[in-house]
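Chain by chain, the residues run as shown.
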Amino acid sequence: MNRLTRRIGDASARRPWVTIGAWVAALALVLPLAGLVGGSFVDDLVAPGSQSEKAMELLEDRFPEASGGSAVAVFAVPEGERIDRHRPAVEAAVDRIADVEHVATVTDPFTGGTVSPDGRIGYVQVTFDVPPMKVHPRQIDALSDAIEPVRGDGVVAELGGDAVFINAETPTSGAEAAGLLSALVILVVAFGTIVAALVPIALALVAVAAGLGSIVLLAHATDVSTAAPTIGAMIGLGVGIDYALFIVARCRENRSAGQDNSTALSNAMSASGAAVLFAGGTVVVAMSALALTGLGFLTSIGLSTSLVVLFAVATALTLLPALLSLLGDRIHKARRHRWLRMRRAKKSENPVNPESPEQTAWWRFAHRVSGRPWPYLLAGSAVLLALAIPALRMETGFPDAGNDATSTTHRRAYDLLAEGFGPGFNAPLLMVADLRGPGVDAAGIPELARRVADDPGIASVGEPRFSTAGDTVVLPVLPTTAPADAATSDTLERILGVVPDNVAVSGLTAMTDDLTRQLTDTLPVFIAAILVVSFLLLMLVFRSVAVPLKAAVMNLLSIGGAYGVVVAVFQWGWLGGLFNLHETMLIASPLPTIFFAVLFGLSMDYEVFLLSRVREEYDATGDPTESVARGMAVTGRVITSAALIMTVVFLSFVANPSPLVKMMGLGLATAIVLDATIVRMVLVPASMALLGRAAWWLPRPLDRRLPRIAVETVESVDAVESDESDDLPSPPEPTPAPTARIS
């Protein structure tokens, strides 16, 4: 693998303008093509094999006019007024709505009885001739244009309903730019030069642009979740910056050891480039594992994120060496203030090299932890377990429109409908009876409606609608509670318990409950699959049994701690005001699955970069304790900078109005902080000290049979003094800086 990344890097560095031109051409092709033929995003919320899917398929096959998506145009006037004073304007809006493409039926609030008892709020029921997941955003935009003139008449007009909520595009907050600015500041501090800091930012933006364009093209071929672009951009920015950071840092380290530019770059691509390729591969594997859930929208998120990560790896292996070869010494030389130069001059008079591994805080702290491993191991584990305690009380469900930001029209419509007609109005259910099957027949429908209406959680049961053939009947049902309310799910369970086998229940709440159930059932299989694959990959790379086991346990601890923080903030409301949360909410059902895939892949990045250097030192010295200390010393600043960048990028997404994106941002930021501090600085040196040489043990029969993807060491040239190296860190002593090679 190291030979592959070296050759790719060398080829790109030898022909930098060709490489840059190829990337420009690729962007010039992908982005306009995405604008021309790219598809729209949609959430397929149907769980395969569920009773809600059975109901939807029955409607589409036999009763298509009842299977269409629905929207609601809500009109309201201030307290003390009545909506009928604006009847002409509302009825004109009804006429415009009826002309929108794919609108099958529209109700008039004044003749259809859809005005609230106080006369202040009325709604127009809009039915489409296509399922809710297939309503195009342009139809939603046309509805918005149709009701816009009513607002000029002094009436509040909003759009809601399942079709609007499901197809609403995930908005952005603009805080992502602040995250990038913060990342730039961190890089400037880490490298001391604006040129070296700008390169990782530029590469991340290229990777995200190419990745998002590819996601739009993917949406042309298959259904892609509305959350996929945002999650892809979030992960792409983080890994894109980090992958470039690791290679640039290694290149600068090689230059400080006296290597010329081309040699330093080539060796960096061989070492850190191979680690980037392997780390990116683990993220892709983890995200692709989302397909194991069997859910289309999660599979699309996994594939979309994998595309962005692949572009991040590709830019790091090709575009980065091309840029570094053009920049030359400018990537290494920093403009320092006079007091820094004076401080460096004083250091040069000191016979002890202040920048050798033994003089770093990471080296000293690693030895301190290794000297008393049990107290540090127990204390660090106790902190993570304490943070994970709230996760034991996690309650999952799908956020409804009432959890979205009040800046969205569907949230404002949701609130108006709940105010005028009760919270259950936003959670309509459809009971679908297959009269061809054994169970209830046409004569038994009234009795079935009566039994359902007697349930304390049901507000009303509408009149039955029969298909043209008379073999299918639909009963509209309104519960008394909101869509995401646990009481609504309890009501649904009671209804499913009393209806016969030939009756299924559809509706957004029924579909999301089935999705939650399937996610809960498949999560153990999903986690086990990722753990097994990651264990095998790490065992192949590090030729060890203990190291991958340790990595899996520690990653589970940091993930558990992040789960607990998310539950405490969103479900319990702790520090909710700090994150602009005004109410508690259920944890989004897809979050634990998506979160585990993303975080496990990202945690493996840091594991690979740290343990690659630890293994180098162990091969050179044979001392397990010293190798960990030196590995932490030479990677500490880079990994800390990478973790800070990840944290600020993820925290910038906490300002996103989407509850799922907000939870993802906070959870991932928390997990990265825990991983970079407690896990990497405390648990890793403590556990490695306790394991000793056993950390690198692999049974001989297994060692002979496994393919070789091992970490090797290549000696670098001795450091030399030159004028251009005056602004570069001094080489580590007493051993020359090794170069990782994954073959």
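Residues numbered from 1 in each chain as written. Predicted model: local features only at pLDDT ≥ 70, side-chain atom pairs only at ≥ 80, totals over all residues. Heavy atoms only, no water.

**As for the overall build of the protein chain**
Argument step 1. Within the protein chain, the secondary structure is distributed over 23 helices and 13 strands.
Argument step 2. For the protein chain, whose C-alpha radius of gyration is 30 Å, the value lies close to the compact-globule estimate of 27 Å for 743 residues.
Argument step 3. Considering only C-alpha atoms, the protein chain reaches an extent of 95 × 55 × 45 Å along its principal axes.
Argument step 4. Residues counted as buried form 57% of the 743 residues belonging to the protein chain.
Argument step 5. Taking the contacts inside the protein chain whose residues are at least 6 apart along the sequence as the reference set, 81% of them involve residues at least 24 apart.
Argument step 6. Only carbon and sulfur atoms are counted for the fraction: they give 60% of the accessible area of the protein chain, which is about 29,400 Å².
Argument step 7. With 54 positive and 72 negative side-chain charges, the protein chain shows a separation of 13 Å between the mean positions of the two kinds. (Helix = DSSP H or I, 4+ residues; strand = E, 2+ residues; numbered from the N terminus. Rg over C-alpha atoms; globule rule 2.2 N^0.38 Å. Buried < 20%, exposed > 50% of the residue type's maximum accessible area, 1.4 Å probe, protein only. Contact = heavy atoms within 4.5 Å. Areas by Shrake-Rupley, 256 points an atom, 1.4 Å probe, with all protein chains shown as cover. Lys, Arg positive; Asp, Glu negative; His and termini not counted. Charge placed at Lys NZ, Arg CZ, Asp CG, Glu CD.)

**A short note on the packing of helix α9 (residues 228-256) against helix α11 (residues 296-327)**
Argument step 1. At their nearest, the axes of α9 and α11 sit 8 Å apart, and the two run at 30 degrees to each other. It follows that α9 is roughly parallel to α11 by the angle criterion. Two packed elements cross with a definite hand, and for α9 against α11 that hand is right-handed. Facing α9, whose interface residues are Ala228, Ile231, Gly232, Ile235, Gly236, Val239, Gly240, Tyr243, Ala244, Ile247 and Val248, α11 presents Ser300, Ile301, Ser304, Thr305, Val308, Val309, Ala312, Val313, Ala316, Leu320 and Leu324.
Argument step 2. Split into classes, the residues belonging to the contact of α9 with α11 amount to 16 nonpolar, 6 polar and no charged. (Axes fitted to C-alpha atoms, helices over the stretch in contact; angles between N-to-C directions. Parallel < 35°, antiparallel > 145°, perpendicular 65-115°, else oblique. Left-handed = near helix turned anticlockwise from the far one by under 90°. Nonpolar A, V, L, I, M, F, W, Y, C, P; charged D, E, K, R; others polar.)

**Here's the deal with the environment of Ile235**
Argument step 1. Along the polypeptide, Ile235 turns up in helix α9.
Argument step 2. Classification of Ile235 by relative accessible area gives buried; the value is 1%.
Argument step 3. Separated by 332 residues in the primary sequence, Ile235 and Val567 place their C-alpha atoms 22 Å from one another.
Argument step 4. With residues up to four places along the chain from it excluded, the contact list for Ile235 reads Thr305, Val309, Val598, Phe650 and Leu668.

**Section: the packing of aromatic side chains**
Argument step 1. Taken as a whole and judged by the stated rule, the model has 13 aromatic pairs.
Argument step 2. Ring geometry for Phe526 and Phe596: centres 6.3 Å apart, planes at 70 degrees, overall edge-to-face. Here Phe526, found in helix α18 (residues 508-542), pairs with Phe596, found in helix α20 (residues 590-621); they are 70 residues apart in sequence, far enough to count as distant.
Argument step 3. The exposure class assigned to Phe596 is buried, which follows from its relative accessible area of 1%.
Argument step 4. One aromatic cluster is present, built from ring pairs that chain together Tyr123, Phe421 and Phe425. (Phe/Tyr/Trp six-rings, centres within 6.5 Å; stacked < 30°, edge-to-face > 60°.)

**Let's talk about the sheet that holds strand β1 (residues 70-76)**
Argument step 1. Spatially, 4 strands are ordered β2-β3-β1-β4 in an open sheet, and the strand pairing comes out antiparallel. Strand pairing shows two members of the sheet lacking a second neighbour, β2 (103-106) and β4 (156-160), which therefore form its edges. Direction aside, the axes of adjacent strands within the sheet are offset by 20 degrees on average.
Argument step 2. Here β2 runs beside strand β3 (residues 121-128); their pairing, made up of 3 bridges, is antiparallel. The partner of Val103 across the bridge, within β3, is Phe128.
Argument step 3. Sheet strands touched by helix α4 (residues 87-98): β1, β2 and β3. Its angle to β2, the strand with the most contacts, is close to 155 degrees.
Argument step 4. Running at roughly 165 degrees to β4, helix α5 (residues 137-151) makes contact with β1, β2, β3 and β4 of the sheet. (Pairing = 2+ DSSP bridges.)

**A word on α18**
Argument step 1. The end-to-end C-alpha distance of α18, which contains 35 residues, comes to 48 Å, matching closely the 51 Å that a straight helix rising 1.5 Å per residue would cover.
Argument step 2. Considering bend angle alone, the principal kink of α18 is centred on Thr522 and spans about 40 degrees; proline Pro524 follows within four residues of it.
Argument step 3. Directly beyond the C-terminal end of α18, a positive phi value near 50 degrees is found at Arg543. (Expected span 1.5 Å × (residues − 1). Bend = angle between axes of the 7 residues up to and from the residue.)

**Here we look at the pairing of β1**
Argument step 1. Counting buried residues in β1 gives 6 out of 7 residues, a clear majority hidden from the surface.
Argument step 2. Across 7 bridges, the pairing between β1 and β3 is antiparallel. For Ala76, the partnering residue across the bridge sits in β3 and is Ile121.
Argument step 3. Bridging between β1 and β4 involves 5 bridges; their strand directions are antiparallel. The partner of Val74 across the bridge, within β4, is Glu158.

**Observations concerning the side chain of Asn555**
Argument step 1. One can find Asn555 in helix α19 (residues 546-571).
Argument step 2. With a relative accessible area of 0%, Asn555 lands in the buried category.

**Details of a nonpolar patch on the surface**
Argument step 1. On the surface, Leu29, Leu33, Leu36 and Val37 cluster together to form a nonpolar patch covering roughly 390 Å² of accessible area.
Argument step 2. Relative to the assigned elements, Leu36 resides in helix α2 (residues 16-37).
Argument step 3. Its relative accessible area of 71% is what places Leu36 among the exposed residues. (Patch = residues over 30% accessible without salt bridge, like charges linked within 9 Å, V, L, I, M, F, W, Y side chains within 5 Å. Salt bridge = Lys/Arg side-chain N within 4 Å of Asp/Glu carboxyl O.)

**Looking at the packing of helix α17 (residues 486-498) against α18**
Argument step 1. The N-to-C vectors of α17 and α18 enclose an angle of 90 degrees; their axes lie 11 Å apart at closest approach. Between α17 and α18, the angle is such that the two are roughly perpendicular. On α18, the residues that touch Thr488, Ser489, Leu492 and Glu493 of α17 are Thr509, Ala510, Asp513 and Arg517.
Argument step 2. Counted by class, the contact of α17 with α18 contains 2 nonpolar, 3 polar and 3 charged residues.

**Some remarks on the pattern of salt bridges**
Pairs may arise between side chains of opposite charge once their charged atoms sit close together.
Argument step 1. Summed over all chains, the structure comprises 25 salt bridges.
Argument step 2. Between Arg517 and Glu493 there is a salt bridge, with the nearest N and O atoms lying 2.8 Å from each other. Separated by 24 residues along the polypeptide, Arg517 in helix α18 and Glu493 in helix α17 bring together distant segments of the chain.
Argument step 3. Look at Glu493 and you get partly exposed, because its relative accessible area is 41%.
Argument step 4. The partner of Arg680 in a salt bridge is Asp675, and the shortest N-O contact between them spans 3.2 Å.
Argument step 5. Judged by its relative accessible area of 0%, Asp675 falls in the buried class.
Argument step 6. It is possible to trace a salt-bridge network through shared partners that takes in Glu148, Arg151, Glu158 and Arg412.

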